Amino acid sequence: MPTPPSVIVFDVNGTLSDMSPMGARFAEVGAAPPLATLWFAMLLRDGFALTAAGDNGRFADIGAEVLRGLLGGVALDRGLDEAVDHVMAGMAGLGLHPDVPEGVRALENAGYRLITLTNGSTTVAETLFTPAGIRDAFDLLLSVEDAPAWKPARHPTSTRPPPAGWNRGR
């Protein structure tokens, strides 16, 4: 019989966070809201391609470059750099999907250790989890920014040692 998992690793952007408000950020600069979905898919594609080529770009840098290309031919209501900054700032203002806090607490109460591994920044995860009151449910917030490759690379392992207390039992 298989051993049940003791640790659950979550993606953050689009899995725990609700990306739907990003469409409004596109509309606010004069672009079509559905471009938000295309932008995020292109951002991930480019990040994965960089990983396949042996590079590890920052999520925000890749996102901004993809936006410049995507919005370059759009009649915007402001300059391109200002529009890119406005859309990218929307990532910091996202919230969680409504069922996330309850689900995270249920998993924590069931004895699972919870971790995030994001292609973005751990600061974004902190910003999402703290106001929702679930930051303490996660043992670690990991980012590929501290690793040699984006996930889903075979080995998106951190170059830093785990923090003190990581091996503590629950």
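Here goes a summary of the coordinates provided. (Residues numbered from 1 in each chain as written. Predicted model: local features only at pLDDT ≥ 70, side-chain atom pairs only at ≥ 80, totals over all residues. Heavy atoms only, no water.)

Next up on the list: the nonpolar core. Side chains of nonpolar character tend, in soluble globular proteins, to be buried together. If you look at the biggest cluster of nonpolar residues, it comprises 38 residues, and the most contacted ones within it are Met22, Phe26, Trp39, Leu67, Phe129 and Phe138. Per-element accounting of this core gives the leading share, seven residues, to helix H3 (residues 59–71). (Core = buried A, V, L, I, M, F, W, Y, C linked by side-chain atoms within 4.5 Å. Buried < 20%, exposed > 50% of the residue type's maximum accessible area, 1.4 Å probe, protein only. Helix = DSSP H or I, 4+ residues; strand = E, 2+ residues; numbered from the N terminus.)

Quick look at helix H4 (residues 80–89) now. Restricting attention to buried positions, one finds in H4 the residues Ala83, Val84, His86, Val87 and Met88. Those residues of H4 hidden inside the fold are in contact with helix H1 (22–28), helix H2 (35–52) and H3. (Contact = heavy atoms within 4.5 Å.)

On to the pairing of strand E3 (residues 138–143), then. Among the six residues in E3, five count as buried, and that is most of the element. Viewed along the sheet, the connection from strand E2 (residues 113–118) through helix H6 (residues 122–132) into E3 turns out right-handed. (Right-handed = clockwise from strand over helix to strand, strands pointing away.)

Now for the side chain of Thr118. With respect to the helices and strands, Thr118 occurs in strand E2. In this structure the side chain of Thr118 is engaged in a polar contact, spanning 3.5 Å, whose partner is the side chain of Asn13. (Polar contact = N/O pair within 3.5 Å; in protein donor to acceptor, adjacent residues only side chain to side chain.)

This part covers the layout of surface pockets. By volume, the second largest pocket is sized at about 180 Å³. Lining the second largest pocket are 14 residues; nearest its centre among them are Phe59, Ala60, Met91, Ser121 and Val124. At the level of elements, H3 and H6 are the ones that each hand at least two residues to the lining of the second largest pocket. Across the lining of the second largest pocket, the residue classes tally to eight nonpolar, four polar and two charged. (1 Å grid on protein atoms, 1.4 Å probe; cavity = no way out; pocket = protein on both sides within 12 Å on 5 of 7 lines; lining within 4 Å. Points joined across faces, edges and corners; volume = space filled by probe spheres on them. Nonpolar A, V, L, I, M, F, W, Y, C, P; charged D, E, K, R; others polar.)

The subject of this paragraph is the sheet that holds E2. Within the open sheet, the three strands sit side by side as E1-E2-E3. Their pairing is parallel. Here the strands that pair on one side only, and so sit at the sheet edges, are strand E1 (7–10) and E3. This sheet shows a mean twist of 20° between the axes of neighbouring strands, independent of strand direction. In the sheet, E1 pairs with E2 via four bridges, with the strands oriented parallel. Looking at E2, one finds that Phe10 is bridged to Thr116. (Pairing = 2+ DSSP bridges. Axes fitted to C-alpha atoms, helices over the stretch in contact; angles between N-to-C directions.)

Let us look at the environment of Val12. Among the structural elements, Val12 can be located in the loop between E1 and H1. The exposure class assigned to Val12 is buried, which follows from its relative accessible area of 1%. Between the C-alpha atom of Val12 and that of Ser121, which follows or precedes it by 109 residues, the distance is 9.5 Å. Sequence-distant contacts of Val12, that is, excluding residues within four places in its chain, are made with Ser17, Thr116, Thr118, Ala125 and Leu128.

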